[in-house]
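Chains, contacts and geometry: an overview
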Amino acid sequence: MSGNPLAVAEPWDLVAEGYAEFGSAIMQPFSARALEFASLSSGSQVVDVAAGPGTLSRLAAEQVALVEAIDFSESMIARLVEEADAAGLTNIRAQVGDGQDLPFESDRFDAGFSMFGLMFFPERAKGFAELFRVLRPGGTAVVSSWAPVADSPLMRMMFDALTAADPNFQEPQPNFLSLENPELFESEMRAAGFEAVSIQRHSIALSFADAEELWETMVRSSAPMELMRHSVGPEVWAQRAALMMRFLAEKYRPTSPLATTAYLGIGHKPKG
Ligand SMILES: C[S@@+](CC[C@H](N)C(=O)[O-])C[C@H]1O[C@@H](n2cnc3c(N)ncnc32)[C@H](O)[C@@H]1O
C-alpha cells in the first residue's frame, strides 16, 4: 500500500464539488493538449481513466463517438454525470471503478488518457499495464503528471502559503521515484509495452483578479487543502486560513500570471 493520502477515494470525494467548480476549468488546457496527441476522429472510442468531473471526457465527447469515463470517487463521477447532462453530451458512459483494474475488454479503445490521475495510483505499473491492455493495436495513450514544484510558481505560492500558516507543514520534496522524473516516466511507459514514447512539458499561466480569488480557487479545488481543513477542525482552520490569506495578499500582485507545468507522457501500442 502507498502512504500517499491521495491514493484513496475519500479526499477526492471531499473536494469533488469544489474541483468541478474551480479546478476543472484550470486543468482543461492540459486535457486539450493531450487530445491533440491522439489522432481522433468522429468514429473513435476513448477511455478517460481517473476522469474526475470529466475535464477531458467532456472535451473528447465533442470529437469522438464514445467516451468511457472511470474514477474511484463516487462524488467525482456524480459531478461528471451532472456536467455531461448539463452540456447535453449523450456519448459519455461514466462509472465508478479503479484505474488499476479496468472493467473493459482488451484491444478496444483508439485512445486512452489519465490526466493527473494515474500519477496517484499506489501501483502505477498496473495503471500503465491496464491502459495498454484496453487500447487497440496502434492506439495512443496520454498520461499527465505535475513537473517538480520548483517549475511551477503557482504551486510554489500555494506551498509557501501553507508553510506560512503551519510551520510544521511538510512541503513535498523533489521525488525522483515519481512521474515528475521524466526519465522514469518514459521507462515506466516503455515497461508497460508502449513504443515511440515521448515526454512533453506543457505549461499554462493563470491569473487571478486578486489574492482572494487565488485563495478561493486554491482552497476549493485542492484535495490536500480539503484534507487539512477536515483534519484540523474549524477553529484551527480559521486561524490558518487567515494566515494564508494574509500571505497571499502580501505576495500576489492582482492579475499577474503564475505558471504551472506538467509532463505529458505519450505512447503507442504496437500495431502487432
Ligand atoms: C487531480 S484529479 C484529475 C481529474 C481529471 N482527470 C482532470 O484532469 O481534471 C485526480 C483524479 O484521480 C482519481 N483517482 C485517483 N486514484 C484513482 C484510482 N486508483 N482509480 C480511479 N480513479 C482514481 C481521483 O478520484 C480524482 O478524480
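The structure this text deals with has already been given above.
Now for a look at the structure at hand. Given the structure is predicted, the values throughout are model-derived calculations rather than measurements.

Things to note about the pairing of strand β4 (residues 109-115)
Looking along a regular strand, one sees side chains alternate from face to face of the sheet. Among the seven residues in β4, seven count as buried, and that is most of the element. Strand direction decides the pairing type here: strand β1 (residues 45-49) and β4, joined by three bridges, are parallel. Residue pairing for β4: D48 is matched across the bridge by F113. In terms of strand pairing, β4 meets strand β5 (residues 135-146) through six bridges, oriented parallel. Pairing of F109 across the sheet is with L135, part of β5. Each parallel crossover has a hand, and for β4 linked through helix α4 (residues 124-134) to β5 it is right-handed.

What to know about helix α9 (residues 234-251)
Taking 1.5 Å per residue as the helical rise, α9 with its 18 residues ought to reach 26 Å, and the 25 Å between its terminal C-alpha atoms agrees with that figure. Considered for burial, the residues of α9 that qualify are W237, R240, A241, M244, F247 and L248. Down the axis, α9 shows its buried residues gathered within 130° of arc, on one side only. Counted as exposed and oriented over 90 degrees from the buried face of α9: E235, R246, A249 and E250. Residues of α9 that are buried in the fold lie against α5 (153-165), α7 (211-221) and α8 (223-232).

A look at the packing of α5 against α9
At their nearest, the axes of α5 and α9 sit 8 Å apart, and the two run at 130° to each other. Compared by their axis directions, α5 and α9 come out oblique. The element α5 and its partner α9 pack so that their crossing is right-handed. For the pair α5 and α9, the contacting residues are M157, D160, A161, L162, A164 and A165 in the first and R240, L243, M244, F247, L248 and K251 in the second. Taken together, the residues of the contact of α5 with α9 break down into nine nonpolar, no polar and three charged.

Structural notes on the side chain of N91
Assignment of secondary structure puts N91 in the loop between α3 (74-86) and β3 (92-96). For N91, a relative accessible area of 15% corresponds to the buried category. In terms of polar contacts, N91 uses its side chain to reach the backbone carbonyl oxygen of A61, at 2.9 Å. The residues contacting N91, other than those within four sequence positions of it, are A61, V64, A65, L66 and V67.

Regarding the pattern of salt bridges
What the rule picks out here adds up to 17 salt bridges. Across the salt bridge formed by E21 and R220, the nearest N and O atoms sit 3.7 Å from each other. Here E21, found in helix α1 (residues 10-36), pairs with R220, found in helix α7; they are 199 residues apart in sequence, far enough to count as distant. By relative accessible area, which is 23% here, R220 ends up partly exposed. Salt-bridge contacts for E36 lead to R33; the nearest nitrogen and oxygen are separated by 2.3 Å. With E36 and R33 both in helix α1, this residue pair falls three residues apart, about one helical turn. Judged by its relative accessible area of 57%, E36 is exposed. With a relative accessible area of 26%, R33 lands in the partly exposed category.

Scoring rules and cut-offs
Throughout this document, residue positions are counted from 1 along each chain, in the order its sequence is written. Local features in this predicted model are restricted to residues whose pLDDT is 70 or higher, and side-chain atom pairs enter the listing and the counts only when it is 80 or higher, whereas totals over whole chains, interfaces and linings include all residues. Derived side-chain values reflect all non-hydrogen atoms in the structure, with water molecules and hydrogen atoms excluded from consideration. The buried label goes to any residue with under 20% of its type's maximum accessible area, the exposed label to any with over 50%, and the partly exposed label to all in between, with areas taken from a 1.4 Å probe on protein chains only. Only DSSP runs of H or I reaching four residues or more are called helices, and only runs of E reaching two or more are called strands; each is numbered from the N terminus. Should DSSP find at least two bridges between two strands, the strands are regarded as paired. The handedness rule is simple: strands pointing away from the viewer, and a clockwise path from the first strand over the helix to the second, make the crossover right-handed. Multiplying one less than the number of residues by 1.5 Å gives the expected span of a helix. Read the arc as the range of directions from the helix axis to the C-beta atoms. Contact between two residues is taken to exist if any of their heavy atoms lie within 4.5 Å; hydrogens are not considered. Helix axes are fitted only over the stretch in contact, all axes being lines through C-alpha atoms; the angle between N-to-C directions runs from 0 to 180 degrees. Roughly parallel covers angles under 35 degrees, roughly antiparallel covers those over 145, roughly perpendicular covers 65 to 115, and oblique covers all other angles. Crossing handedness follows the turn of the near helix against the far one: under a right angle anticlockwise gives a left-handed crossing, and clockwise gives a right-handed one. Ten residues, namely Ala, Val, Leu, Ile, Met, Phe, Trp, Tyr, Cys and Pro, are considered nonpolar, four, namely Asp, Glu, Lys and Arg, are considered charged, and the remaining ones, Gly among them, are considered polar. Here a polar contact means two N or O atoms within 3.5 Å. Within protein one must be a hydrogen donor candidate and the other an acceptor candidate, and residues neighboring in sequence count only if both atoms are side-chain atoms. By definition, a salt bridge exists where a carboxyl oxygen of Asp or Glu is found within 4 Å of a side-chain nitrogen of Lys or Arg.

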